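Commentary on secondary and tertiary structure
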Amino acid sequence: MLNNPENKNTVKFTDTTFRDGHQSLMATRLKTADMEPIAELMDSIGFHSMEVWGGATFDVATRYLTEDPWDRLRRFKSLIKSTPLSMLLRGQSLVGYRNYADDVVEKFIERSAHNGIDIFRVFDALNDERNLEKSTSAIKDVSKHLQLAICYSVTDGGSMGGPIYTLDYFINKAKSLESMGADSICIKDMAGLLSPFDAYNLFSELKKYIKVPLQLHTHYTSGMASMSALKAIEAGVDAVDACLSPLALRTSQPAIEPLVMSLKNHFRDSGLQLELIHQASDQLESILKKYRQDLEMPRASIIDAKVLSHQIPGGMISNLISQLKELGALDKLENVLADIPSTRKDLGYPPLVTPISQMVGSQSVSNILNGKYNMISSQLQNYLKGMYGKPPAKVSDDLINGVDPKDILNQDTRPADLLKPEITDATTTIKDITTDIDDILTYTLYPTTGMKFLRQKHGLDPVTKVEKEEQLEKPTPLISKIDNNSQLPTKSSSVKTFNVFVEGQYFEVEVDPVYNKPSTNPAVTGKPESEEKTEIPEGDILLAPMPGTISKYNVQLGDQISKGNVVLILEAMKMENALSAPKSGIVTEISFKDGDMVSKGDILAVIS
Ligand code: MN
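Here we summarise the structure given alongside this text. Remember, predicted model here, so these are calculated numbers, not experimental data.

1. A closer look at the overall build of the chain
Of regular secondary structure, the chain possesses 24 helices and 18 strands. Per-residue burial for the chain yields a buried fraction of 55% across its 608 residues. Put simply, 72% of the contacts in the chain that link residues at least 6 apart link residues at least 24 apart. Within the structure as shown, the chain displays about 26,100 Å² of accessible surface, and the carbon and sulfur contribution to it stands at 52%.

Here it is as structure tokens:
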């Protein structure tokens, strides 16, 4: 049966190494330059497709890696010549965290196809077909493969059934997606919730009603993925997602190697050659050596059997961990995971997938750190208004009562119908930086971090982030960087000296707390430097409740504002948070500017 072209039952494999593999295990930090060396080898293996783009790859490339995501796609296309490239698209949210206007969806899909995408896997976090309509027509317009995905979820407990996510739910969704024109249908199990026998039942039944090919995307998180993939194969699924072993298992996909091996000489044998796969895995293994820090997991267990209750998808767990690390609250991980089921229930049991998983995850972090629902992101407020689509079940009265009924979207209206075209305005805003359409899309999708990236890409700002990361790999330049810096702030009397030990070397580091110094830059505060240490009454200060990026100050120096007025929008944990004035008064200090990154406890503004 091996390599028999007559065998129409061959299981097809989609390799996820360059997208979901590192998104799940290392917060999407794999650089293009580290994937390029094995791209041609991967191409020679004969995968059905390679998922290389979309999901978080777009955001992370610009936000953390100072890499052009479009360039990544073009490079993959030039190296991977015979395997179709696929991307994950979040329906009307594209590769972002909110719904974008139709003109953005059309242009983004047109440019993605132009730059190299052959297969678009499209899903909506709420499985709301209205959010898939525009991408569906745009993908048809560029004549590419449209794969529509259903987010797999369970209500409570671990298995299919219950009041919402029943076998009928999935069959009806699949029928509806097929009638929309899907070229194939994917069951997208973000958190590895699909159990082996449910997988068997699900795909056996889907095969009876659905004519287009079926694919399974699942995660290993709960430990069931390889078993579920095998049972899905037994039930007739056409294609399965898997990952090269170094980036497989844990919260990622099942590993390719044991699946290929299990099917050897079976009538559904994939025909893939293990020799080539081993070569690719070996090379990937040595590339990953320098990423060891990113791969560090806080737990010894490689599976998380409790995922069946918190349902957080793979990418989101690594995100939660890095967010909590930044907040210095990694010890709260268990509390955050424990809060998630009740928050999800309050929101009407949405499947936990981007952007809803971020919204719920960030809300749970905030619930644990700031008290339940004391801070609600603007994204979550929009969810409550129906701007993300129809929640699968009723939202809790407590939450919905906080929303003005006039603001709640009529169920007959497609959420994106309310959005005005965005591309023309974005083009005007950044015309002095770039006129490239891919750049314009980057900015439209990510106005704050995208702008920051584009200024660096076009040489208007220095590339600070990459410099910093490279220095961390080699300990010594840390010190020389500081020595060479001519713009040192003045040391205060509270400076303390610490010995810092790094791999057998040690550095003497002077640490000077900055919280009693509103700003070291007199030009920003409008105060002479000598006044720096003036004590400010605590009630006057607006502090950053968590680390993040300032999206926008809504007030100016000297403005008269009332208690509760929004002073600024802080983007933290990928959510926008409106921070309001602690008291009425006059804005006497604005300590940062739009786009600045702030740490927890930084003074953002002073109201006197
Ligand atoms: Mn996934």
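2. As for the packing of helix α15 (residues 333-346) against helix α16 (residues 356-370)
Axis separation between α15 and α16 bottoms out at 8 Å; the angle between their running directions is 120°. In the packing of α15 onto α16, the handedness of the crossing is right-handed. On the side of α15, the interface is formed by N335, V336, D339, I340, T343 and R344, while α16 contributes V360, G361, Q363, S364, V365, N367 and I368. Its residues assigned to classes, the contact of α15 with α16 shows five nonpolar, six polar and two charged.

3. Regarding the packing of aromatic side chains
In this structure the tally under the stated criterion is 12 aromatic pairs. Geometrically, the ring pair formed by W53 and F108 is stacked, given 5.9 Å between the ring centres and 10° between the ring planes. Placement of W53 in strand β2 (residues 49-54) and of F108 in helix α5 (residues 102-115) is noted, with a sequence separation of 55 residues between them. With respect to burial, W53 and F108 carry one shared label: buried. Taken together, a centroid distance of 5.9 Å and an interplanar angle of 65° make the contact between F58 and F108 edge-to-face. One end of the pair, F58, is in helix α3 (residues 57-65); the other, F108, is in helix α5, with 50 residues separating them in the sequence. With relative accessibility at 0%, the residue F108 sits in the buried group. Within the aromatic cluster, the residues linked to one another by ring pairs are W53, F58, W70 and F108. If you follow R29 out to its NZ or CZ, it ends over the ring of Y64, 3.9 Å from the centre. Its guanidinium or amino end placed over the ring of Y209, K175 lies 4.6 Å from that ring's centre, counting from NZ or CZ.

4. What about the layout of surface pockets?
Empty space within the second largest pocket amounts to approximately 680 Å³. Every residue lining the second largest pocket is counted, 28 residues in all, and those nearest its centre are R98, Y100, L445, P447 and E576. Elements that contribute at least two residues to the lining of the second largest pocket include exactly α17 (378-384), α19 (423-429), α20 (437-445), α21 (447-457) and β12 (548-553).

5. Thoughts on the environment of D304
Along the chain, D304 falls in the loop between α12 (292-295) and α13 (307-310). Remark: the alpha-carbon pair of D304 and S222, spanning 82 residues in sequence, is separated by 5.1 Å.

6. Describing the pairing of strand β3 (residues 85-89)
Most of β3 is tucked away, with five of its five residues classed as buried. Burial along β3 is two-sided: the residues L85, M87 and L89 and S86 and L88 are all buried. Here β3 pairs with strand β4 (residues 119-122) via four bridges, running parallel. By the bridge assignment for β4, L89 is matched with V122. Read from β3 through α5 to β4, the crossover connection turns out right-handed.

7. Description of the pattern of salt bridges
Evaluated as defined, the whole model comprises 32 salt bridges. When the shortest N-O distance is used, the salt bridge between K457 and D68 registers 2.7 Å. Note that K457 is positioned in helix α21 and D68 in the loop between α3 and α4 (69-79), a separation of 389 residues in sequence. We note a salt bridge from K134 to E106, for which the minimum N-O separation is 2.7 Å. Residue K134 is located in helix α6 (residues 133-141), and its partner E106 is located in helix α5; the two are separated by 28 residues in the primary sequence. Among the residues examined, E106 registers a relative accessible area of 37% and is labelled partly exposed. Through salt bridges with shared partners, one network takes in R19, D20 and E51.

Conventions adopted
Residues numbered from 1 in each chain as written. Predicted model: local features only at pLDDT ≥ 70, side-chain atom pairs only at ≥ 80, totals over all residues. Heavy atoms only, no water. Helix = DSSP H or I, 4+ residues; strand = E, 2+ residues; numbered from the N terminus. Buried < 20%, exposed > 50% of the residue type's maximum accessible area, 1.4 Å probe, protein only. Contact = heavy atoms within 4.5 Å. Areas by Shrake-Rupley, 256 points an atom, 1.4 Å probe, with all protein chains shown as cover. Axes fitted to C-alpha atoms, helices over the stretch in contact; angles between N-to-C directions. Left-handed = near helix turned anticlockwise from the far one by under 90°. Nonpolar A, V, L, I, M, F, W, Y, C, P; charged D, E, K, R; others polar. Phe/Tyr/Trp six-rings, centres within 6.5 Å; stacked < 30°, edge-to-face > 60°. Lys NZ or Arg CZ within 6 Å of the ring centre and 35° of its normal. 1 Å grid on protein atoms, 1.4 Å probe; cavity = no way out; pocket = protein on both sides within 12 Å on 5 of 7 lines; lining within 4 Å. Points joined across faces, edges and corners; volume = space filled by probe spheres on them. Pairing = 2+ DSSP bridges. Right-handed = clockwise from strand over helix to strand, strands pointing away. Salt bridge = Lys/Arg side-chain N within 4 Å of Asp/Glu carboxyl O.

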